[in-house]
Amino acid sequence: MGKPKFILFSLFFATCFYSFTLASYNLDTPLSNMVRDQIKLEMQASLFYQTYGHYFESSDQALHGFAKYFTDQSLEEKKHADKLMTYLNQRNVQVKTLSEVPEFCPKLKFKKLCNFITGNKTKSDLNIDIPLTAVQNAIDLEEKVFDELEKIADGSDAQLSHFIEHEYLDEQIESIKELKDYETQLTKINGSYIGVLLLDRWLMEGKQNKL
Ligand SMILES: [Fe+2]
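Computed from a predicted model, the values in this text were never measured in an experiment.

Thresholds applied
- Residues numbered from 1 in each chain as written.
- Predicted model: local features only at pLDDT ≥ 70, side-chain atom pairs only at ≥ 80, totals over all residues.
- Heavy atoms only, no water.
- Phe/Tyr/Trp six-rings, centres within 6.5 Å; stacked < 30°, edge-to-face > 60°.
- Buried < 20%, exposed > 50% of the residue type's maximum accessible area, 1.4 Å probe, protein only.
- Helix = DSSP H or I, 4+ residues; strand = E, 2+ residues; numbered from the N terminus.
- Salt bridge = Lys/Arg side-chain N within 4 Å of Asp/Glu carboxyl O.

A. Main features of the packing of aromatic side chains. Taken as a whole, this structure holds 13 aromatic pairs when the rule is applied. Between Phe48 and Tyr49 the ring centres are 5.5 Å apart and the planes differ by 55 degrees, which places this aromatic pair in the tilted class. Neither residue differs from the other here; Phe48 and Tyr49 are each classed as buried. When the ring of Tyr52 is compared with that of Tyr55, the centres are 6.3 Å apart and the planes differ by 55 degrees; the resulting orientation is tilted. Of this pair, Tyr52 and Tyr55 both sit in helix α2 (residues 29-57), 3 residues apart, roughly one helical turn. For the pair Tyr52 and Tyr55, one class covers both residues: buried.

B. Geometry of the pattern of salt bridges. Following the criterion strictly, the structure yields 11 salt bridges and no others. Notably, a salt bridge pairs Arg91 with Asp157, separated by 2.7 Å at the nearest N-O pair. Taken together, the residues span a long stretch of sequence, with Arg91 in the loop between α3 (64-90) and α4 (111-118) and Asp157 in the loop between α5 (130-153) and α6 (158-189) at a distance of 66 residues. Since its relative accessible area comes to 13%, Asp157 is described here as buried. Lys177 serves as the salt-bridge partner of Asp181, at 2.9 Å between the closest nitrogen and oxygen. Placement of the pair is Asp181 and Lys177 together in helix α6, with a separation of 4 residues, close to one helical turn. Through salt bridges that share partners, Lys144, Glu148 and Lys151 make up one connected network.

The structure is reproduced here in structure tokens:
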């Protein structure tokens, strides 16, 4: 092979290698969009838990252990969203605005919480079964979050799958298990105010799953 041909040949391979490297490093558009949707979902969860935190803190509920639990969860969800935003930056993907965080108020199962937000409380909104409803709503939300994370992990990008599996999925399973334990405990309490107060105290002291 003559020198000019060798140079052209080398340039051709260098270009191919560079394109391949760039394609692997830059996350593809469908997966980028899935991660962006996940960020919205994490932010939605954060807002949802923040609202529940203040709801239980109000004098109508005065369940400060539940307030602490949901406030802590809200901060956790925000951290999850932040970590995904940092990840997008690492993969050279624009994070974009979060102005489209979905509304959850119109959904009927969150009606009591929405009545609290809008100030339209009714007597039935102050029932003792509210901690159980809150925990069941949280389970629904966390299971949805888990399903969406699994879809991202099942995608074609090995590094993203690794990141999601190690940073999110295990913790997600632990959160759902914890919530399901509270659901069982609150179901067994069967509306007993003393039982709810006992669990509330334990949540306040950070002694989880001890009932
Ligand atoms: Fe999360």
